[in-house]
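Residues per chain are reported as follows:
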Amino acid sequence: MECSAGEFKHRAAQKLGDVKLQAALRRLQDKFVDGRAAALAELDGFDSLADAAAAVRERALADLDGYLLRFEREAIARGAHVHWAETGADANRIVVEIAAAHGVRTAAKSKSMVSEECGLNHALEQAGIRVTETDLGEYILQLAQEPPSHIVAPVVHKSKEEISELFHEKHHTPRKTDIAELCREAREVLRPAFLGADMGISGANFLVAETGSAVIVTNEGNGRLVTTLPRVHVVITGIEKVVPTLEDLATLLRLLPRSATGQAITNYVSLLTGAKGERDPDGPEQMHVILLDNGRSRLLGDELQSILRCIRCGACMNHCPVYQNVGGHAYGWVYPGPMGSVLTPAYQGLENALDLPHACTMCGACGAVCPVRIPLPDLLRRLRERQTERGLRPWRERLALRLWAWTAKRATLYAVGTRAAAWLLARAGGKDRLLHRLPGAAGWSAGRDMPAPPGRTFRDLYRERGRR
Amino acid sequence: MSARQRILARIAAGLGHGAEAGANGAVDGYIERHPRGPVPRRAPDLVPRFREQAERLSSTVLEVPAPGPVPAAVAAYLAAHGLGTETVCWPDLAGLPWAASGVRAAARPARAGDMVGITGAFCAIAETGTLMLLSGEDTPATVSLLPETHVAVLPAARIVPAMEDAWDLLRAERGVPPRAVNLVSGPSRTADIEQTVTLGAHGPYRMLIVLTGEDFDDV
Ligand code: SF4
């Protein structure tokens, strides 16, 4: 997927004025934020479980090569093929080659953010392979030709009326208003796509090193269909998704659905290990696992390493006041919200996502809800620092900060300066004691007023109190 | 150098250990030990806990004393829901007296158009009301997936407290997982449209779980 994170400010401004989107985003808060809280309240202790989950992910990362090699060995022993891809383009090429080798003309896909990262659908279409997205949300997006706006609920930005209109237009069926009827219609339209597909493509929520299994966590059952019916099954996933053992998987599975949608468990958790055996009556004849790097290995040993613990639950974006107001599309790449604001600059380049680390109020909610204890606010702050270190901030900001630093280091000058500024701003506040315009910060003051300072500095007050 | 070698070399460099240090004993040793993380307190009675959780996930749970009465219980459920009498079942279960209860059970993998699928289960997990199904020669994965109604039959004694116990059982009885291990918790659902939960996405719309008092081998 093309990265357009550079347009964040412009897009965010648009999204703030989008009435329909605002209504959709409120729904997300009601269902996911409240659902998560209720589901976690039923657990004995979120804290001990989150500590254990973080330890599981850290252990896997600390010996990532070892666990990947063990995964590879087990998967091959069970009849799977394992491929390594350095970039999204490499991964696409591998999928196209597998398709060509097995005469694949149609593919059915379940939801995979990694495949969005690679732009896989486009590459397959270029190679003449028809791809159908089968996750309901992703299917709707494929019809509308839009990217996902949330990693768990990709079509959260659309209302049922919009979806009804879209189905009517694309399926040539009567308009439906009932959500259950819309789901039934999609089921019926998609069934032939599953039954007729030569290739099934899925992501993997986890890879288990112990058994060589790819684990898929879904509710709809489409993940099971695409990994059972087509002749060839291709898993495309990131190298960081490996976990050591089945017990470690159990620990993470207690937190992933609860953090994502407030479910104790999803309807389906499938462990897929190798291709079908000689006596198996069903299952794919070929299983391929593509391990994608695409910038991940560079984060090992880096201050940002902990972002690789991410299990893609979406809790950080659900709880983020910025995401809650601008939605996922404003972020400009596959991953939105706080985790996206770390991943996009990390994978796409700091200079291509300058606004994202600043799209943050430092409220700390994301770090508090993360089930694998990723210190997201710290990582965002670190990215801000890197922008400064690499001279990527605008010259005005740099000049202003340098001026401030120069003054702050000269105590008397600073005292005089602040006193003058406080006096001036108090006068400028007028009768309502509000500043309607701030020179040099028009964007900030266009939508809100700044309370005028009362006219005296902290130093004045401190001195006065000391005398008393 | 291949992509594989380059990726592994970058990982090793990032982690600050030598290339192929990944093949160290720590990895295999940890996997060998596979310690458990924090497991929630075990419910005192497994069957009620399983039942409560499965019902929360919109499944129907019936208990019968032995495998013998299973077909009659299934027939009554199908009749009550107007689901007909044609079913497809795991070859594993073909030996139950289906015909005597008026249920036609074709022992084969499921195909498009099959309306009711009857399966067993390797075990069940009380913590979350989950069934664990293993694919295999006589346990095709499609039967629990393609039909609109999924009926699962298993001995109540196969309910274990937590997922970790199910993994131990799998290791003890099978060694390694078969091609597909499916943990199934209720009928399929989606909340993609307006985050409103709707039952019956791409898998079954409804699910009946029949727990038997005695093991199948005892009949
Ligand atoms: S960063 Fe944490 S909260 Fe956000 S998606 Fe990843 S695991 Fe979930």
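Keep in mind that what you see is a predicted model, and the values were worked out from it rather than measured. (Residues numbered from 1 in each chain as written. Chains lettered and ligands numbered in written order. Predicted model: local features only at pLDDT ≥ 70, side-chain atom pairs only at ≥ 80, totals over all residues. Heavy atoms only, no water.)

## Observations concerning the overall build of chain A
So, step 1. In terms of regular secondary structure, chain A is built from 21 helices and 12 strands.
So, step 2. Principal-axis analysis of the C-alpha atoms gives chain A an extent of 90 × 55 × 45 Å.
So, step 3. Expressed as a percentage of contacts within chain A between residues at least 6 apart in sequence, the contacts between residues at least 24 apart total 74%.
So, step 4. When the accessible surface of chain A is summed, it comes to about 19300 Å², and 53% of that surface belongs to carbon and sulfur atoms.
So, step 5. Averaging the locations of the 61 positively and 55 negatively charged side chains of chain A gives two centres separated by 10 Å. (Helix = DSSP H or I, 4+ residues; strand = E, 2+ residues; numbered from the N terminus. Contact = heavy atoms within 4.5 Å. Areas by Shrake-Rupley, 256 points an atom, 1.4 Å probe, with all protein chains shown as cover. Lys, Arg positive; Asp, Glu negative; His and termini not counted. Charge placed at Lys NZ, Arg CZ, Asp CG, Glu CD.)

## So, the site of the ligand
So, step 1. Residues in close proximity to the ligand include A:C310, A:I311, A:R312, A:C313, A:G314, A:C316, A:M339, A:C370, A:P371, A:V372, A:I374 and A:L376, which together make up its full environment.
So, step 2. Residue classes in the shell around the ligand are distributed as 10 nonpolar, 1 polar and 1 charged. (Near = heavy atom within 4 Å. Nonpolar A, V, L, I, M, F, W, Y, C, P; charged D, E, K, R; others polar.)

## Quick look at the domain arrangement of chain B
So, step 1. Domain parsing of chain B yields domain 1 (1-34) and domain 2 (42-218).
So, step 2. A straight line from the C-alpha centre of domain 1 of chain B to that of domain 2 of chain B covers 41 Å. (Domains from an automatic or database assignment.)

## Some remarks on a nonpolar patch on the surface
Residues and elements named next belong to chain A.
So, step 1. Taken together, W395, L399 and L403 make up a surface patch of nonpolar side chains, about 360 Å² in accessible area.
So, step 2. Relative to the helices and strands, L399 resides in helix α18 (residues 395-408).
So, step 3. Residue classification places L399 among the partly exposed positions, given a relative accessible area of 45%. (Patch = residues over 30% accessible without salt bridge, like charges linked within 9 Å, V, L, I, M, F, W, Y side chains within 5 Å. Salt bridge = Lys/Arg side-chain N within 4 Å of Asp/Glu carboxyl O. Buried < 20%, exposed > 50% of the residue type's maximum accessible area, 1.4 Å probe, protein only.)

## Topic: the sheet that holds strand β6 (residues 130-134) of chain B
So, step 1. Across the sheet, which stays open at both edges, the 8 strands sit in the order β8(A)-β5(A)-β6(A)-β9(A)-β9(B)-β6(B)-β5(B)-β8(B) with mixed pairing between neighbours. Edge positions in the sheet fall to β8 (242-243) of chain A together with β8 (159-160) of chain B, since each has one partner strand and no second.
So, step 2. Relative to β8(B), strand β5 (residues 123-125) of chain B is paired through 2 bridges, and the arrangement is parallel. The residue bridging B:A124 from the neighbouring strand is B:I159, located in β8(B). (Pairing = 2+ DSSP bridges.)

## Section: the interface of chain A and chain B
So, step 1. Counting from both sides, the interface comprises 99 residues of chain A and, opposite them, 76 residues of chain B.
So, step 2. Of the roughly 7500 Å² buried where chain A meets chain B, counting both sides, 55% is carbon and sulfur surface.
So, step 3. At the junction of chain A with chain B, the criterion picks out 13 salt bridges.
So, step 4. Here B:E194 and A:R27 are joined by a salt bridge, their closest N and O atoms 3.6 Å apart.
So, step 5. Put simply, chain A and chain B have 45 residue pairs in polar contact (both at pLDDT 80 or more) between them. (Buried area = accessible area lost by both parts, 1.4 Å probe. Polar contact = N/O pair within 3.5 Å; in protein donor to acceptor, adjacent residues only side chain to side chain.)

## Overview of helix α2 (residues 25-33) of chain B
So, step 1. Every buried residue of α2(B) is accounted for by B:V27, B:Y30 and B:I31. End-on, the buried residues of α2(B) take up no more than an arc of 100°, which puts them together on one face. Structural note: α2(B) exposes B:G25, B:E32 and B:R33 on the side pointing more than 90 degrees away from its buried face.
So, step 2. Where α2(B) is buried, its residues meet α3 (46-62), α4 (64-77) and α12 (246-261) of chain A.
So, step 3. The positive-phi residue at the C-terminal boundary of α2(B) is B:H34, with phi of around 25°. (Arc of directions from axis to C-beta.)

## A short note on α4(A)
Residue and element names in this part refer to chain A.
So, step 1. If you check α4, its first and last C-alpha atoms are 20 Å apart, about what 14 residues at 1.5 Å a residue would give, namely 20 Å.
So, step 2. Judged by how many residues are buried, α4 sits mostly within the fold: 11 of 14 residues are covered.
So, step 3. Buried residues of α4: L64, D65, G66, Y67, L68, L69, R70, F71, E72, E74 and A75, and no others.
So, step 4. In the segment just after α4, G79 is the residue with positive phi, at about 95°. (Expected span 1.5 Å × (residues − 1).)

## So, unusual backbone geometry
All names here are of chain A.
So, step 1. Within the chain, H172 stands out as a residue other than glycine whose phi angle is a positive 55°.
So, step 2. On the secondary structure map, H172 appears in the loop between α9 (160-171) and α10 (179-196).
So, step 3. The phi angle at R373 is positive, at roughly 55°, despite the residue not being glycine.
So, step 4. Inspection of the secondary structure puts R373 in the loop between α16 (365-369) and α17 (376-389).

## Let's talk about the domain arrangement of chain A
So, step 1. Considered domain by domain, chain A is made up of domain 1 (1-42 + 314-393), domain 2 (47-297) and domain 3 (395-467).
So, step 2. The straight-line distance from the C-alpha centre of domain 1 of chain A to that of domain 3 of chain A is 30 Å.

## A closer look at the environment of B:L62
All names here are of chain B.
So, step 1. Relative to the assigned elements, L62 resides in strand β1 (residues 60-64).
So, step 2. Exposure remark for L62: the relative accessible area of 29% places this residue in the partly exposed category.
So, step 3. Separated by 11 residues in sequence, L62 and A73 place their C-alpha atoms 7.9 Å apart.
So, step 4. Excluding anything up to four places from it in sequence, L62 contacts A73, L208, I209, V210 and L211.

## With respect to the packing of α9(A) against α10(A)
The angle between the axes and the distance between the axes are what describe a pair of packed helices.
All names here are of chain A.
So, step 1. One can describe the packing of α9 onto α10 by two numbers: an axis separation of 11 Å at closest approach and a directional angle of 35°. Considering the relative orientation of α9 and α10, their crossing is left-handed. Between α9, through K160, I163, S164, F167 and H171, and α10, the contact on the second element is made entirely by I179, L182, E185, A186 and V189.
So, step 2. Class assignment of the residues belonging to the contact of α9 with α10 gives a composition of 6 nonpolar, 2 polar and 2 charged. (Axes fitted to C-alpha atoms, helices over the stretch in contact; angles between N-to-C directions. Left-handed = near helix turned anticlockwise from the far one by under 90°.)

## Concerning the pattern of salt bridges
So, step 1. Evaluated as defined, the whole model comprises 49 salt bridges over all chains.
So, step 2. Because the salt bridges share partners, they merge into one network encompassing A:E210, A:E247, B:R36, B:D165, B:D168 and B:R171.

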